[in-house]
Amino acid sequence: MGIESGDRFHYWKVLKKSPDFIGDGNHKYYYCLCVCHSTKHVRSDDLIRGTSKSCGCQKSKDLMSIVGKKFGRWKVLELGKMIDSHRYALCRCECGFRSEVRISSLKQGQTKSCGCYRDDVHRKVRKGKKQVHIGGKRYCVWSKNYKQKFGG
């Protein structure tokens, strides 16, 4: 069975044949791209037999099912890269901001948005609150008649 560039084997996509000096000399190797965007030289017989299905990212069975799900205000668009043994996902916040977010932070609820949620909460808390500058200092007051009281 000949392996061509573009062929798929489980989560691998074959990019090209590896140079002959890669490996032990007895086996053919192919430079492959995993669905998580990492690349690796993989033995041809491991691809054909299915003993190598991915770079190791697929050990967590629900990794592919995370695409399209919402976590707080984040929506997962696609899987991202592995950085320092942490898997990232490309996400879009409800406000439209896009960023790569650590998947474990999404699942554990450590991140809910790009920061727009915090801003919305603070905006609600500050509703009706006025800022007054007196003597070079900034004060927050709740009174509607702050100009009469403080002359600001």
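Report follows, based on the coordinates. Remember, it's a predicted structure, so these values are computed and weren't measured experimentally. (Residues numbered from 1 in each chain as written. Predicted model: local features only at pLDDT ≥ 70, side-chain atom pairs only at ≥ 80, totals over all residues. Heavy atoms only, no water.)

### Focus: the pattern of salt bridges
Here is step 1: In total, this model carries five salt bridges according to the counting rule given.
Here is step 2: The closest approach of N and O atoms between Arg-43 and Asp-45, which form a salt bridge, is 2.6 Å.
Here is step 3: Judged by relative accessible area, Arg-43 falls into the partly exposed class, the value being 22%.
Here is step 4: Note that Arg-49 is salt-bridged to Asp-46, the shortest N-O span being 3.5 Å. With Arg-49 and Asp-46 both in helix α1 (residues 44–49) and three residues apart, the pair spans about one turn of that helix.
Here is step 5: Judged by relative accessible area, which is 55%, Arg-49 ranks as exposed.
Here is step 6: Look at Asp-46 and you get partly exposed, because its relative accessible area is 21%.
Here is step 7: Several salt bridges converge on common partners, so that one network encompasses Arg-43, Asp-45, Asp-46 and Arg-49. (Salt bridge = Lys/Arg side-chain N within 4 Å of Asp/Glu carboxyl O. Buried < 20%, exposed > 50% of the residue type's maximum accessible area, 1.4 Å probe, protein only. Helix = DSSP H or I, 4+ residues; strand = E, 2+ residues; numbered from the N terminus.)

### Remarks on the pairing of strand β4 (residues 39–43)
Here is step 1: Pairing between strand β3 (residues 29–34) and β4: five bridges, direction antiparallel. Across the sheet, the residue bridging to Cys-32 is Lys-40, located in β4.
Here is step 2: Taken together, β3 and the strand that follows it, β4, pair antiparallel across an intervening segment of four residues, in which His-37 is found at a positive phi of about 80°. (Pairing = 2+ DSSP bridges.)

### A look at the side chain of Ser-44
Here is step 1: On the secondary structure map, Ser-44 appears in helix α1.
Here is step 2: Exposure remark for Ser-44: the relative accessible area of 14% places this residue in the buried category.
Here is step 3: Residue contacts for Ser-44: discarding those within four places in its chain leaves Ile-3, Lys-28 and Tyr-30. (Contact = heavy atoms within 4.5 Å.)

### Looking at the environment of Val-101
Here is step 1: Looking at the secondary structure, you find Val-101 in strand β8 (residues 98–102).
Here is step 2: The class of Val-101 is buried, set by a relative accessible area of 8%.
Here is step 3: Considered as a pair, Val-101 and Thr-111 are 10 residues apart in the sequence and their alpha carbons are 8.4 Å apart.
Here is step 4: In this view, Val-101 contacts Trp-74, Arg-87, Tyr-88, Ala-89, Cys-91, Leu-106 and Thr-111; residues no more than four positions away in its chain are not counted.

### Concerning the nonpolar core
Here is step 1: Val-14, Cys-32, Leu-47, Val-76, Cys-91 and Leu-106 are the most contacted members of the largest nonpolar core, which totals 24 residues.
Here is step 2: Only β2 (12–17), β3, β6 (74–83), β7 (86–93) and α2 (103–107) provide two or more residues apiece to this core.
Here is step 3: For Leu-106, the contacting residues outside a window of four places in its chain are Phe-71, Trp-74, Val-76, Cys-91, Val-101 and Thr-111. (Core = buried A, V, L, I, M, F, W, Y, C linked by side-chain atoms within 4.5 Å.)

### With respect to the sheet that holds β8
Here is step 1: Strands sit in the order β5-β6-β7-β8 across an open sheet of four strands; the sheet is antiparallel. Each edge of the open sheet carries a strand with a single partner, namely β5 (70–71) and β8.
Here is step 2: The sheet contact formed by β5 and β6 spans two bridges and is antiparallel. Note that in β6 the partner of Lys-70 across the bridge is Lys-75.

### Quick look at the environment of Thr-51
Here is step 1: Positionally, Thr-51 belongs in the loop between α1 and β5.
Here is step 2: On the basis of relative accessibility, which here comes to 56%, the residue Thr-51 falls in the exposed class.
Here is step 3: A distance of 2.9 Å separates the side chain of Thr-51 from the side chain of Asp-46, its partner in a polar contact. (Polar contact = N/O pair within 3.5 Å; in protein donor to acceptor, adjacent residues only side chain to side chain.)

That is the geometry; function is a separate question.
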